[in-house]
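# Summary of the model geometry
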Protein chains: 2
Amino acid sequence: MDEIDRKLIELLQHDAARPYSALGEAVGLSSGAAHERVRKLRERGIIRRTTIDVDPVALGRGVLAFVMIDSNAWMGDPPTAEALLAVPVVEEAHVIAGSSSLLVKVRTGSTDELQAVLRRLFQIDGVTGTQAIVVLQTFFERPTSSLSAC
Amino acid sequence: MDEIDRKLIELLQHDAARPYSALGEAVGLSSGAAHERVRKLRERGIIRRTTIDVDPVALGRGVLAFVMIDSNAWMGDPPTAEALLAVPVVEEAHVIAGSSSLLVKVRTGSTDELQAVLRRLFQIDGVTGTQAIVVLQTFFERPTSSLSAC
DNA sequence: GAGCTTACGGTCAATCTCATCCATAGAAAC
DNA sequence: GTTTCTATGGATGAGATTGACCGTAAGCTC
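Residues numbered from 1 in each chain as written. Chains lettered and ligands numbered in written order. Predicted model: local features only at pLDDT ≥ 70, side-chain atom pairs only at ≥ 80, totals over all residues. Heavy atoms only, no water.

### Description of the side chain of Thr80(B)
- Mapping Thr80(B) onto the fold places it in helix H4 (residues 78-85).
- A relative accessible area of 8% places Thr80(B) in the buried class.
- Residues within four places of Thr80(B) in sequence aside, it is in contact with Phe139(A), Met75(B) and Leu102(B). (Helix = DSSP H or I, 4+ residues; strand = E, 2+ residues; numbered from the N terminus. Buried < 20%, exposed > 50% of the residue type's maximum accessible area, 1.4 Å probe, protein only. Contact = heavy atoms within 4.5 Å.)

If you want it as structure tokens, here you go:
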């Protein structure tokens, strides 16, 4: 995991369809060497998969909200994860430190649908309350930077 | 944007390196037709780019936090966005409805570094306070579902 | 309604790029 | 000195890309 690997990741995050020859050229290696490095990054699980970045609005998911979930029990176990996984509009689910116990990111098509999701979250075992934070505008969403922190 | 397009997006989100022939077979089309549909999805901006999914821990970003930012001025303008964009560990920045005015997602290597980031956020014009929500465990993070909501 | 035009996808096949694999060589570690 | 790792460069086969061609449906004219 050296500087070249980081650069390769940076390049692939920006455009994973780039040919290996271009990739190699950008980091000063042959296409074969670039290929081998990327193969190893995948093998080691550092690169998990190649995917596409989709416009949520085009998918009819124009409403974004973060929901903090309060509970009267420990929510860090698999049954909770599965219950949340079963709700397609829940994109992220985290166990957090603080007064609430869970934080989830939800993308719906309307505020009506958001309300329906909140109702559904309420029905999960242990949930005693929710607090929705509705997003008015997203400045940006970007992948994890591979550069060292500034 | 019909059922086949949605299926193609679903498949590509899972593995964007899949050959067009396999893609076509999965939706009952020829490779050429699948290719043409994907090309148009890109052209229309529904597919923004192909990218890779990277393990944040491998990049030395094992600490995830959401930070709610309070302010004494309107923070929804470009200068604020640029100030946040300049901090590499800030992955997302949203203008929110509610008592705080901004919500940002931050990934750092350590809590020390998180503290440094909070200090830096404080220095942005208009910021009067921050409230960090530290993530203990992430259940999952997944792409926006292209299936219609349940 | 019949016939025509056009737009829109679709299939199939030809071509050409690129991924992939392998032999080899050099450098670094032990 | 030996082993291991990583690079290069070339062969080859897979797959992306493109163009020619076809079927269908909508809209138009008569």
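### Digging into the layout of surface pockets
- Estimated volume of the largest pocket: approximately 1100 Å³.
- Together, 40 residues line the largest pocket, and Asp53(A), Lys105(A), Glu141(A), Glu92(B) and Pro143(B) are the ones closest to its centre.
- If you list the elements that add at least two residues to the lining of the largest pocket, you get strand E1 (47-54), strand E2 (63-71), strand E3 (90-96), strand E4 (102-108) and strand E5 (127-141) of chain A together with strand E1 (47-54), strand E3 (90-96) and strand E4 (102-108) of chain B.
- When its residues are assigned to classes, the lining of the largest pocket shows 12 nonpolar, 8 polar and 20 charged.
- Put simply, the second largest pocket is a space of about 330 Å³.
- Considering the residues around the second largest pocket, the lining is formed by 19 residues, among which Ala16(A), Ala17(A), Thr50(A), Ala16(B) and Ala17(B) are closest to the centre.
- Contributing elements (two or more residues each) for the lining of the second largest pocket: helix H2 (20-27) and E1 of chain A together with helix H2 (20-27), helix H3 (31-43) and E1 of chain B.
- The residue inventory of the lining of the second largest pocket, partitioned by class, reads 13 nonpolar, 2 polar and 4 charged. (1 Å grid on protein atoms, 1.4 Å probe; cavity = no way out; pocket = protein on both sides within 12 Å on 5 of 7 lines; lining within 4 Å. Points joined across faces, edges and corners; volume = space filled by probe spheres on them. Nonpolar A, V, L, I, M, F, W, Y, C, P; charged D, E, K, R; others polar.)

### Some details on the pattern of salt bridges
- The final tally for this structure, using the stated rule, is 30 salt bridges over all chains.
- Its salt-bridge partner being Glu36(A), residue Arg39(A) comes within 3.1 Å of it at the nearest N-O pair. Highlighted residues: Arg39(A) and Glu36(A), both in helix H3 (residues 31-43), separated by 3 residues, approximately one helical turn.
- Judged by its relative accessible area of 31%, Glu36(A) is partly exposed.
- Here Glu36(B) makes a salt bridge to Lys40(B), at a shortest N to O gap of 3.7 Å. (Salt bridge = Lys/Arg side-chain N within 4 Å of Asp/Glu carboxyl O.)

### Some thoughts on the domain arrangement of chain A
- Assigned domains of chain A: these are domain 1 (3-43) and domain 2 (57-134).
- Computed from C-alpha atoms alone, the centre-to-centre distance between domain 1 of chain A and domain 2 of chain A is 37 Å. (Domains from an automatic or database assignment.)

### Details of the sheet that holds E2(A)
- Pairing within the closed barrel is antiparallel, and its 8 strands lie in the order E2(A)-E4(A)-E3(A)-E5(B)-E2(B)-E4(B)-E3(B)-E5(A). Direction aside, the axes of adjacent strands within the sheet are offset by 35° on average.
- Both E3(B) and E4(B) contribute to a ladder of 5 bridges, which runs antiparallel. Counterpart to Ala93(B) in the pairing with E4(B) is Val104(B).
- Strand contacts of H4(B): E5 of chain A together with E3 and E4 of chain B, with the helix running at about 100° to E5(A), the strand carrying the most contacts.
- Of the strands in this sheet, strand E2 (63-71), E4 and strand E5 (127-141) of chain B are in contact with helix H5 (residues 111-122) of chain B, which crosses E5(B) at around 140°. (Pairing = 2+ DSSP bridges. Axes fitted to C-alpha atoms, helices over the stretch in contact; angles between N-to-C directions.)

### Details of the interface of chain B and chain A
- Each side of the interface is counted separately: chain B has 68 residues, and chain A has 68 residues.
- Here chain B packs against chain A, burying approximately 6400 Å² in sum over the two surfaces, 58% of which is carbon and sulfur.
- Its largest share of buried area at the contact with chain A, chain B owes to Ile52(B), Phe139(B) and Arg142(B), together 12% of the area lost on that side.
- Applying the counting rule to chain B against chain A returns 8 salt bridges.
- One salt bridge connects Arg49(B) with Asp53(A), and the closest N-O pair in it is separated by 3.7 Å.
- Between chain B and chain A we count 41 residue pairs in polar contact (both at pLDDT 80 or more) in total.
- For the side of chain B that touches chain A, the secondary-structure elements that each account for two or more residues are helix H1 (3-14), E1, E2, H4, E3, E4, H5 and E5 of chain B.
- A per-element tally of the side of chain B that touches chain A places E5(B) first, with 9 residues. (Buried area = accessible area lost by both parts, 1.4 Å probe. Polar contact = N/O pair within 3.5 Å; in protein donor to acceptor, adjacent residues only side chain to side chain.)

### Focus: H3(A)
Residue and element names in this part refer to chain A.
- Here H3 contains 13 residues, and its C-alpha end-to-end distance of 18 Å stays within 8% of the 18 Å for a straight helix at 1.5 Å per residue.
- Listed as buried for H3 are Ala-34, Val-38 and Leu-41. Take H3 and look down its axis: the buried residues cluster within an arc of 55°, on one side only. (Expected span 1.5 Å × (residues − 1). Arc of directions from axis to C-beta.)

### A word on the relation of the copies chain B and chain A
- Superposition of chain B onto chain A requires a rotation of 180° combined with a translation of 0.0 Å along the rotation axis, giving an RMSD of 0.1 Å. Taken together, the turn and the small shift mark the pair as related by a two-fold rotation axis. Taking C-alpha positions as the reference, the residue of chain B nearest the rotation axis is Thr51(B), at 2.7 Å.
- Both copies present the same face, since 100% of the interface residues in chain B are matched by interface residues at the equivalent positions in chain A. (Least-squares fit on C-alpha atoms with pLDDT ≥ 70 in both.)

### A word on the protein's contact with DNA strand C
- DNA strand C sits among Pro19(A), Tyr20(A), His35(A), Leu29(B), Ser30(B), Ala33(B), Arg37(B) and Lys40(B).
- For DNA strand C, a phosphate oxygen lies 3.2 Å from a polar atom in the backbone of Tyr20(A).
- Note that a phosphate oxygen of DNA strand C is positioned 2.8 Å from one of the side-chain N or O atoms of His35(A).
- Taken together, the residues of the surface near DNA strand C sort by class into 4 nonpolar, 2 polar and 2 charged. (Near = heavy atom within 4 Å.)

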